[in-house]
Amino acid sequence: MPLTGLQIFKLLPNTNCKKCGYPTCLTFAMKLAAGKESLEKCADASPEAKAALGAASAPPIRGVTIGQGARAVTVGEETVFFRHEKTFVRRPGLFQTFDPAGLAAAGRDARLDHWRAIRIERAGETFQVDGIAVVETPGAAQPAESAAAAAAAAERGFPVAILAATLPGATAVAERIKEHRPLLVPPAGADPEAYAAMAARLGIPLVVGAPDLNSLADRAREAAGAGVTDILLEPPGGDPRSLHHSLSAIRRGALDRIHPGLGHPVFLRVGAGEIEKAVLGITKFASLVALDDCGGETWLPLWTLRQNLYTDPQKPLQMDPGLYAIGEPNDRSPVLVTSNFSLTYFIVSTEAEASGVACHLAVVDAEGLSVLTAWSAGKFSGDRVAKALREMKAAERVSHRTVIIPGYVPAISGELEDALGDGWRVLVGPQEASDIAPFFRDVWEPLARDPGAQP
Amino acid sequence: MSLDLKPKKWAGALREVTLGAGSRRPLTVGGGNGLPLHTFEAAFPHRPVLALEITDVDPVRWVESVRQPWEGVLGRPAEAARRAVGEFGADLLLVHLMGAHPDRGNRSPEQAAADAGAVLEAVDVPLIVKGPGAGQKQNDVLARVAESCRGEGLALHSATNEDYKTLAAVAVAYGHVLVAESPIDVNIAKQLDILLADANVDLNRALIDPLTGGLGYGLEYTYSVMERIRLAALGGDAMLNCPIVCLVGEETWKAKEARVSAGKEPLWGDQRERGIHWEVTTAMALIEAGAEVLVLRHPEALARIRKQLDSWFGKTSGGAPCR
Amino acid sequence: MPSHTVRFSPSGRSTITAEGSSILRAAELAAEPVRAECGGRGACGRCLVRILEGQVPEYRVLRRESGFPHVLACLTPVHGPLTVEPLVEAQLPKLVSGDRYIGTQALRAWAPWPLELAPLVESREPEDLGVALDAGTTTLRMLLIRLSDGVIVGEAGAYNPQIARGADVISRIVAAEKGGLGDLAAAVRLAVVSMIGEAAAAGGLDPGRIRGYVVAGNATMIHLLLGEDPSGIRRVPSQPRALAFPPVDGADLGWPGGACTPVHSVPGAGGWVGGDILAGAVRAGFSRAVETALYVDLGTNGEIVFGNADFALACACSAGPAFEGGGIRCGMRADRGAVDGASIDAENGAVDLSVIGGGGVRGLCGSGLIALADALFRAGWIDRGGRLTGRVPGERRVEGKWGTAIALSDDRRVALWERDLASLIRAKAAVFAGIRSLVNSLGPGGPSIERAYVSGNFGRYLNLPAAVGIGLLPDIPLGRYGYIDNGSLEGAALSLLSREFFAEIAAYLTRVTYVDLSELAGYMDEFVGASFLPHTSPDLLRMR
């Protein structure tokens with residue numbers, strides 16, 4: 001269990017010397033507790049403090065890195081069962097399964113280049129194929145084919161997983177690309193010791209599978225005992241129900257530290273047409289998923305799901321800043337400004353909709369805080385609102401130059417007018433959202449009819 | 001070494017809520033005493049149920065790949081109902097009275113009641129009736145429908161913190177179930193249930209709609225709010241243990257990722273498959289977070305989700321013979 | 001440049017103002033309190049005045065009533081002599097003044113541990129005086145104290161004239177940034193001189209006998225008073241020019257006193273936790289307490305301190321003006337005619353209101369609002385969201401253009417509106433969420449609230465059961481609560497009379513950690529949870 005702010009405070013010197021950059025030891029302790037600082041900053045931390053903090057912070061699920069270089073994938077180090085308890089930390093890697101059997105080099109390279117070129121931008125993130133899971137096909141000529149394919153993938157910077165079929169075949173591939181830290185995935189029913197020995201010898205990460213959870217935990221521990229430092233678990237369960245059970249049990253068992261063999265990230269294989277299995281994997285803690293060949297219609301929802309679940313839930317629910325249309329506004333419709341705290345947005349937009357007057361709702365990034373809170377924290381100033389309105393190109397959407405601010409922050413009106421310039425005028429709107437309809441009726445409409453009048 | 005994986009036991013459980021009465025074949029949801037789908041350690045007397053959305057007028061904004069399976073019956077509620085139940089296997093239906101919205105046809109409360117009545121005649125599954133939004137009009141429409149379909153155990157969608165008194169009164173007066181809608185916030189969901197209970201609504205006749213954010217458009221917020229609601233319910237909070245309903249179809253098919261053709265975005269793959277995947281992914285994720293009633297649009301999405309649920313709960317054929 | 005006389009009615013205040021400057025500026029110079037929430041930009045519409053005599057430009061006239069033009073004071077230039085009457089919207093309610101404190105031996109009454117009389121400023125004659133000043137954002141309060149025995153001999157209160165530049169600190173900082181620093185400093189210094197004159201006259205005292213001053217206020221108020229640039233305060237992170245300023249000579253501020261009359265300001269712990277709060281917390285005994293205590297200032301900024309001798313956490317939640325009667329339709333300060341208590345007999349619908357000074361109901365002050373909300377809730381007349389229920393007797397219901405209300409006066413003109421209750425709920429939610437967030441920020445198993453102090457300008461007293469009943473304050477044994485009338489003023493007085501006390505504040509501030517609620521994950525969640533009567537999850541009200 002991580003230590004609380006108070007527990008950490010009691011381990012610190014309590015001199016408020018400020019060498020760590022914080023005004024008091026208590027501030028520093030609270031930052032440490034929130035995971036936003038590291039103890040190194042405290043020049044005078046005692047050995048006891050270092051030991052206590054070290055032990056408490058070792059993650060129950062080890063981190064594992066596959067591949068190396070810029071595109072290496074690191075997974076694990078998770079600390080919670082529910083994302084809202086804190087956050088999920090390391091997004092799972094989604095690998096493309098690749099069977100090179102029967103492909104000439106040119107064809108093989110073309111596929112790899114195609115996958116390499118995939119880039120989809122969404123909400124500030126670039127979706128790419130994270131790695132290639134090369135299928136090793138048994139047969140005499142084939143090891144060379146698989147090894148060549150693995151090498152070609154690795155050369156293109158992809159992290160590689162080896163979906164082994166035979167021990168000699170897998171060895172050949174692994175030997176070929178061992179500097180690239182490939183993940184070794186034994187076939188179902190394989191001899192765990194032999195693969196563990198190979199992984200230990202080559203110093204590469206290994207997937208450990210088993211027909212049931214007990215054996216899985218034991219085998220993982222044995223593999224660790226045999227010198228494999230980086231392990232992923234492949235959970236038993238051929239149908240959604242059993243798989244869900246395994247995934248949940250492994251995560252819970254790891255967090256409760258029931259068995260050291262459970263404290264590893266999870267690996268999952270998903271066939272074509274099995275998007276639901278991948279969804280289950282991503283929601284239920286899988287760290288690496290190898291998907292059979294499928295197109296963007298499968299990748300895009302999965303990438304988006306991963307993006308959604310692995311955002312930090314500590315941030316309050318925020319709307320994306322921007323100009324939202326309420327009803328069907330035109331260039332003469334009023335412009336209302338509000339913060340991007342979702343609740344504020346819902347309340348204001350509901351009342352605005354109910355008013356029957358179409359309008360533009362300018363949602364300003366206030367870091368998910370309500371108007372009053374944001375303003376008092378300096379996050380809803382005239383300058384900030386002006387900048388937001390410019391970014392939303394509000395001036396292009398309306399022919400008038402009036403903007404209505406929430407009634408609780410008349411103080412920003414001067415600054416806002418100055419910052420907007422260009423003849424913009426600020427109207428102080430109602431304090432309560434429920435007064436939006438009367439405000440439109442009693443203040444906006446007369447003004448719209450006769451712009452020269454004073455409000 | 002044998003793993004000591006103790007099953008988790010909880011103090012509380014979900015309420016069981018029965019949808020449909022009178023001439024309906026009733027459907028009960030909820031009652032589970034563990035985390036969603038954790039059948040290995042808890043008991044779930046009822047499985048999540050799958051509804052299809054039908055509309056009173058032609059939903060012109062539905063993208064073509066969703067309209068296609070409904071061809072010929074869009075905007076004809078009784079016929080759409082028969083297809084939904086007979087061919088597509090829906091467990092229940094959501095009748096969306098969008099045509100009553102002032103901007104979309106402004107159909108009267110009487111017309112709405114007639115549409116609802118026609119659906120009641122056509123099929124015998126429970127109905128959720130969704131109003132047109134638009135404040136007072138919604139109250140008028142739903143009150144009229146509630147009165148004319150009294151005793152049928154409709155689920156009226158929806159009451160909110162700001163506006164719940166009318167629907168609370170008609171739900172109680174005419175024997176219906178009330179859907180309590182809150183804007184993705186645990187506290188507000190609880191506040192609404194408290195206000196409803198104070199207004200004499202029996203919470204064993206209520207569902208929670210936490211407002212579904214579709215995949216890519218707030219899914220994670222709904223997901224976490226639902227997990228928190230489930231944990232509160234299992235911890236014994238009697239104001240947060242109504243079963244949850246998610247309007248997945250409506251939210252997911254709005255997304256551009258569900259609608260844009262591969263011609264415009266070649267990397268995005270086939271639009272028809274992609275849209276169905278969008279709906280299925282949202283629904284499956286929310287089932288894992290605790291959804292007990294899912295409202296969908298594409299029958300193929302429904303079929304795929306049913307197949308998944310069969311793994312946990314055993315095969316059912318869903319739906320019922322139509323009249 | 002010609003100048004003109006502007007007279008204000010009915011107060012009789014007047015001033016001479018330069019040709020072309022605004023009526024609002026004249027009000028500022030005359031120390032006539034006129035609301036100007038947007039700081040005089042013509043944006044908030046609050047500074048409405050009626051011109052009784054004189055001419056104003058026609059294009060500024062909004063309307064005429066009985067022939068008298070109504071204009072916005074901030075936009076209307078003075079081109080000749082005027083007699084001006086601020087309209088109801090522009091008026092600030094009257095300030096309580098009186099003789100609450102006179103005769104009190106401050107050390108004996110307020111010292112949290114035995115303090116010897118050892119004034120911070122040098123005193124030789126038995127009639128020497130010292131001044132303790134609470135420089136609040138909205139109100140100034142001052143005590144004249146005899147240094148030889150620590151007895152309070154004079155007191156006065158006034159509105160901070162800086163209100164004309166905006167109701168809140170940020171708009172004043174902005175005004176200062178735009179070159180208004182000199183005016184803002186001059187205005188508040190002059191107001192103090194006025195108060196001293198008033199208190200001295202009332203008590204037959206000689207201001208020349210003043211030997212020194214101790215001022216407690218938030219960082220912005222101190223910066224403005226001393227003429228220091230406050231712009232750093234509103235940066236993130238907040239960077240005031242200093243947390244502790246060296247004493248300045250009273251003469252430099254234009255204040256009475258002999259040669260070398262020092263003005264000490266109580267140091268603060270940061271841009272948002274000022275000397276006023278620290279003075280109050282140390283006055284409440286924090287610096288020597290073994291027990292962990294809570295200090296809540298129920299003002300606009302809602303500062304909260306939680307700690308003891310070893311540590312202190314402080315935050316400011318933006319509660320808004322509801323506790324001081326602001327933003328409430330019929331809100332007023334605690335003065336004659338203000339409702340400050342209420343009880344309701346649910347059986348027969350009888351409403352019993354306690355009114356300051358007896359007599360007719362003129363409005364609602366902060367403590368009345370809290371008491372009434374609690375009484376209404378207990379009687380079932382409002383639901384947990386603060387909306388009227390069917391139980392409100394028909395004759396008490398008022399429907400108007402602001403929605404629905406419960407009548408309080410016989411003529412139904414004074415009423416409590418649903419939107420007022422919404423403002424109250426929002427304000428109390430901010431405070432309670434701040435308290436919970438602060439106390440829980442140390443993690444589970446942290447210290448509990450063993451004592452609690454409440455301070456603020458909401459009335460003569462606070463109905464604690466009502467405050468707990470609506471979920472404003474935590475549900476802890478009532479015996480743990482203490483009420484401090486004005487922690488800032490009392491702390492300033494103790495500082496004046498005891499060097500030891502003043503030094504203790506300076507030492508304590510190094511142990512204070514400021515917590516920025518807007519950075520605290522979960523604060524908005526707590527806020528929404530607390531936006532219910534008494535709370536969405538009432539078991540969270542109990543804080544051991």
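Residues numbered from 1 in each chain as written. Chains lettered and ligands numbered in written order. Predicted model: local features only at pLDDT ≥ 70, side-chain atom pairs only at ≥ 80, totals over all residues.

Visitor: Got a minute to help me understand the overall build of chain A in this structure?
Guide: Helices and strands together make up the secondary structure of chain A, namely 17 helices and 17 strands. Taken over the C-alpha trace, chain A has a radius of gyration of 29 Å; the compact-globule value for 455 residues is 23 Å, which it surpasses by more than 25%. Judged by the C-alpha coordinates and their principal axes, chain A covers about 90 × 60 × 40 Å. The burial tally for chain A puts 53% of its 455 residues in the buried class. Restricting the contact set of chain A to residue pairs at least 6 apart, pairs at least 24 apart contribute 61%. (Helix = DSSP H or I, 4+ residues; strand = E, 2+ residues; numbered from the N terminus. Rg over C-alpha atoms; globule rule 2.2 N^0.38 Å. Buried ≥ 20, exposed ≤ 12 C-beta atoms within 10 Å, placed from the backbone. Contact = placed C-beta atoms within 7 Å.)

Visitor: What's the story with the overall build of chain B in this structure? I'm lost.
Guide: Helix and strand counts for chain B come out as 11 helices and 10 strands. On C-alpha atoms alone, chain B measures out to a radius of gyration of 19 Å, which is about the 20 Å that the 2.2 N^0.38 rule sets for 323 residues. C-alpha atoms of chain B, sized along the principal axes, occupy 65 × 55 × 35 Å. Residue burial in chain B is summarised as follows: out of 323 residues, 60% are buried. Look at the contacts in chain B between residues 6 or more apart in sequence, and 71% of them connect residues 24 or more apart.

Visitor: Can you help me understand the nonpolar core in this one?
Guide: A general feature of soluble globular proteins is that nonpolar side chains tend to end up buried together. Ile162(A), Leu184(A), Ala51(B) and Leu93(B) are the most contacted members of the largest nonpolar core, which totals 420 residues. With 17 residues, helix H3 (residues 169-203) of chain C is the largest single contributor of residues to this core. When neighbours within four sequence positions are excluded, Ala51(B) is seen to be in contact with Ala90(B), Asp91(B), Leu92(B), Leu93(B), Leu94(B), Ile128(B), Val293(B), Leu294(B), Val295(B) and Leu296(B). Leu29(C), Leu72(C), Ala73(C) and Val84(C) belong to the second largest nonpolar core, which has 26 residues in total. (Core = buried A, V, L, I, M, F, W, Y, C linked by C-beta atoms within 7 Å.)

Visitor: For this particular structure, what's the right way to read the pairing of strand S5 (residues 127-130) of chain B?
Guide: Side chains on a regular strand alternate between the two faces of the sheet. Residues and elements named next belong to chain B. What you see with S5 is no split at all: Leu127 and Val129 on one side and Ile128 and Lys130 on the other are buried throughout. When strand S4 (residues 92-96) meets S5, the two strands line up parallel, connected through 4 bridges. From the neighbouring strand, Val95 faces S5, where its bridge partner is Val129. Between the parallel elements S4 and S5, the chain passes through helix H3 (residues 109-122) in a crossover that is right-handed. Pairing analysis gives 3 bridges linking S5 to strand S6 (residues 155-159), with the strands arranged parallel. From the neighbouring strand, Lys130 faces S6, where its bridge partner is His157. (Pairing = 2+ DSSP bridges. Right-handed = clockwise from strand over helix to strand, strands pointing away.)

Visitor: Teacher, can you tell me more about the packing of helix H10 (residues 271-289) of chain B against helix H11 (residues 299-313) of chain B here?
Guide: Axes are the key here: two packed helices are described by the angle between their axes and the distance separating the axes. Residues and elements named next belong to chain B. At a minimum axis separation of 9 Å, H10 and H11 run at an interaxial angle of 40°. For the element pair H10 and H11, the recorded crossing hand is right-handed. Along its contact with H10, which presents Ile276, Glu279, Val280, Ala283 and Met284, the element H11 presents Glu300, Ala301, Arg304, Ile305 and Gln308. Residues of the contact of H10 with H11, tallied by class, amount to 6 nonpolar, 1 polar and 3 charged. (Axes fitted to C-alpha atoms, helices over the stretch in contact; angles between N-to-C directions. Left-handed = near helix turned anticlockwise from the far one by under 90°. Nonpolar A, V, L, I, M, F, W, Y, C, P; charged D, E, K, R; others polar.)

Visitor: I'm lost on the environment of Ile229(B) in this one. Help?
Guide: Residue and element names in this part refer to chain B. As for its placement among the helices and strands, Ile229 is situated in helix H7 (residues 219-234). Residue class for Ile229 comes out buried when judged on the 24 C-beta atoms lying within 10 Å of it. Residue contacts for Ile229: discarding those within four places in its chain leaves Val186, Ala189, Ile208, Pro210, Leu240, Ile244 and Gly290.

Visitor: Teacher, can you tell me more about the interface of chain C and chain B here?
Guide: Frequently, the measure chosen for interface size is the accessible area removed from exposure when the parts meet. Of the residues lining the interface, 9 residues belong to chain C; the matching set on chain B comes to 9 residues. Residue composition of the side of chain C that touches chain B, by class: 2 nonpolar, 4 polar and 3 charged.

Visitor: How do you make sense of the interface of chain B and chain A when you look at a structure like this?
Guide: Taken together, the contacts link 40 residues of chain B with 41 residues of chain A. For the side of chain B that touches chain A, the secondary-structure elements that each account for two or more residues are H7, H10 and H11 of chain B. Top element by residues in the side of chain B that touches chain A is H10(B). It accounts for 9 residues. For the side of chain B that touches chain A, the per-class residue count stands at 17 nonpolar, 11 polar and 12 charged.

Visitor: In this structure, what is going on with the sheet that holds strand S2 (residues 14-18) of chain C? I would like to understand it.
Guide: Sheet strands pair via backbone hydrogen bonds, and the direction of the pair is either parallel or antiparallel. All names here are of chain C. Ordered in space as S2-S1-S6-S3-S5-S4, the 6 strands form an open sheet in which the pairing is mixed. This sheet does not close on itself; its edge strands, each paired only once, are S2 and strand S4 (63-65). For this sheet, the mean angle separating the axes of adjacent strands, direction not counted, is 35°. Bridge analysis of strand S3 (residues 48-53) against strand S6 (residues 82-86) gives 4 bridges, and the strand direction is antiparallel. Residue Ile51 lies in a different strand from S6, and its bridge partner there is Val84.

Visitor: Explain the confidence of the model for chain B to me, please; I cannot follow it from the model alone.
Guide: All names here are of chain B. Averaged over all residues, the pLDDT of chain B is 94; the fraction at 70 or higher stands at 97%. In the model, residues 319-323 has pLDDT below 50 throughout and makes 18 contacts with residues more than four positions away in sequence or in other chains. Scored by ipTM, the complex comes to 0.95, with pTM at 0.86. (pLDDT = per-residue confidence, 0-100.)

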